[in-house]
Amino acid sequence: MIITLAAIASAVFMGINIGGNNAAASMGAAYGAKARTKEQAVILIAVFSFLGAVLSGEDVINTLGEGIIPGNIITLSAAIIAISSAALSLFIGNVLRVPISASQSAVGAIVGIGIFYGVLDTELLTQIAGWWITTPILAFVLAYLSGKYIHPRLVVWLVEHESEAQIRSTIGKLLTVTGCYVAFSAGANNAANAVGPLVGTGFIDTSTGAIVGGLTLGLGALLIGGRILQTVGTEIVELCTIRAVFIEAIAAIIVHGASISGIPVALGQIIPAAVIGIGCAENTSATMKNKTVRRIVIMWVMSPLLAGAIAYAAMTVA
């Protein structure tokens, strides 16, 4: 009974922290552009991250549940340790108001467990690491090109062909669509981080895991999502609404593509990378010297290492 409650508590704690950190970052761009209030943003995040987890989250859940380490090797106690270690890493990020990667923390914790058991699928890990490296770079490049070349031309075209009221209406609708798509993609990719190890042990099935993960992500966005919205939306670079549309669309497409491939990627890297990229298109030196950017980069490196170290240490003591 106690271990069952511990398993549920670890998944809920992890899901809430994911919702507060990575899922909340999905609408940081629109919040920074003042296209949505903080309350509107977190409600949309909660609804669409749940839908993403339930409708499109099973592939990534299976990857984290039994891909990196065979499911028949992980015990329920080890699964609880993995989830709790990753959640602690994320919690630290939430306290510091830094958007870090739930996927990297979760994978880092599972790798720590795998090192303890001496069993890891290194080929799959290499594939995941490749996605981690390429996706933020891709987000940065696409956002930079959009900000440098597409944005100025689009602004000119809109001014010449649309009234100010029509422009505001169109951009507002686009931001709603792209922001909800990002939240959907976040749910599809990040629900696995809360429940994957539990699914691997057979404690719950994949469908139930997707529902639990989606609910806890939504709850986390509602409860603590506002802090990371503030960081991503206002402390990296000032954003206009059109640039926010580019950022959200780029991030959503990349994360959704990874989810379809069953790969847990770093939304906490992809969104800020896109924000930095579009900021660099206007003012490279100011963006790259920003203290918030440096703080984010440090946490990107530290979070999986910290989660893995905590998980390995806990396994040796348990």
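Residues numbered from 1 in each chain as written. Predicted model: local features only at pLDDT ≥ 70, side-chain atom pairs only at ≥ 80, totals over all residues. Heavy atoms only, no water.

A. Representation of the layout of surface pockets in the model. For the largest pocket, the calculated volume is near 160 Å³. Lining the largest pocket, in full, are His151, Val155, Leu158, Val159, Ile167, Arg168, Ile171, Cys240, Thr241 and Ile242. Taken together, the elements giving at least two residues each to the lining of the largest pocket come down to α7 (122–161), α8 (164–201) and α10 (241–260). Sorting elements by how many residues they give to the lining of the largest pocket places α7 first, with 4 residues. Tallied by class, the residues present in the lining of the largest pocket amount to 7 nonpolar, 2 polar and 1 charged. (1 Å grid on protein atoms, 1.4 Å probe; cavity = no way out; pocket = protein on both sides within 12 Å on 5 of 7 lines; lining within 4 Å. Points joined across faces, edges and corners; volume = space filled by probe spheres on them. Helix = DSSP H or I, 4+ residues; strand = E, 2+ residues; numbered from the N terminus. Nonpolar A, V, L, I, M, F, W, Y, C, P; charged D, E, K, R; others polar.)

B. Up close: the confidence of the model for the chain. Here the chain averages 83 in pLDDT, and 87% of its residues register 70 or above. Within the chain, α7 carries the highest mean pLDDT (90), whereas helix α12 (residues 284–288) carries the lowest (53). (pLDDT = per-residue confidence, 0-100.)

C. Representation of the nonpolar core. Met14, Ile68 and Ile113 are the most contacted members of the largest nonpolar core, which has 69 residues in total. Of all the elements, α10 adds the most residues to this core, at 11 residues. Ignoring any residue separated from it by four or fewer positions in sequence, one finds Ile68 in contact with Thr63, Val107, Ile110, Leu120, Asp121, Leu124, Leu125 and Ile128. Formed by 8 residues, the second largest nonpolar core is a distinct cluster that contains Ala41, Ile45, Ala221 and Leu229. (Core = buried A, V, L, I, M, F, W, Y, C linked by side-chain atoms within 4.5 Å. Buried < 20%, exposed > 50% of the residue type's maximum accessible area, 1.4 Å probe, protein only. Contact = heavy atoms within 4.5 Å.)

D. Representation of helix α11 (residues 267–280) in the model. The terminal C-alpha atoms of α11, which comprises 14 residues, lie 20 Å apart, in line with the 20 Å expected from a rise of 1.5 Å per residue. With 14 of 14 residues buried, α11 lies mostly within the body of the structure. (Expected span 1.5 Å × (residues − 1).)

E. Spatial organisation of the UniProt feature "transmembrane region" (unreviewed entry) in the chain. This chain's UniProt record puts "transmembrane region" (unreviewed entry) on residues 42–61, 73–96, 102–120, 129–147, 210–229, 241–260, 266–284 and 296–315. Overall, residues 102–120 shows 84% helix and 0% strand. The separation of its end C-alpha atoms is 20 Å. With 100% helix and 0% strand, the stretch residues 129–147 has end C-alpha atoms that lie 28 Å from each other. (UniProt positions renumbered as here; feature names shortened; annotations may be inferred.)

F. Looking closely at helix α6 (residues 102–117). Its 16 residues give α6 an end-to-end C-alpha distance of 23 Å, which sits within 8% of 22 Å, the value for a rise of 1.5 Å per residue. Of all 16 residues in α6, 13 are buried, a share of seventy percent or more. Residue Gly118 follows α6 closely and has a positive phi angle near 75 degrees.

G. Here's a closer look at the packing of aromatic side chains. The tally for this structure, following the rule as stated, stands at 3 aromatic pairs. Each ring, one from Phe116 and one from Tyr117, has its centre 5.6 Å from the other, and the planes form 70 degrees; the classification is edge-to-face. By relative accessible area, which is 34% here, Phe116 ends up partly exposed. The exposure class assigned to Tyr117 is partly exposed, which follows from its relative accessible area of 27%. With centroids separated by 6.4 Å and ring planes inclined at 10 degrees, the aromatic side chains of Phe140 and Tyr144 adopt a geometry described as stacked. (Phe/Tyr/Trp six-rings, centres within 6.5 Å; stacked < 30°, edge-to-face > 60°.)

H. Structural view of the pattern of salt bridges. In this structure the tally under the stated criterion is 1 salt bridge. For the salt bridge of Glu164 with Arg168, the shortest nitrogen-to-oxygen distance reads 2.7 Å. Of the two residues, Glu164 and Arg168 are both situated in helix α8; the distance of 4 residues between them amounts to about one turn of the helix. Neither Glu164 nor Arg168 differs from the other in exposure class; each is exposed. (Salt bridge = Lys/Arg side-chain N within 4 Å of Asp/Glu carboxyl O.)

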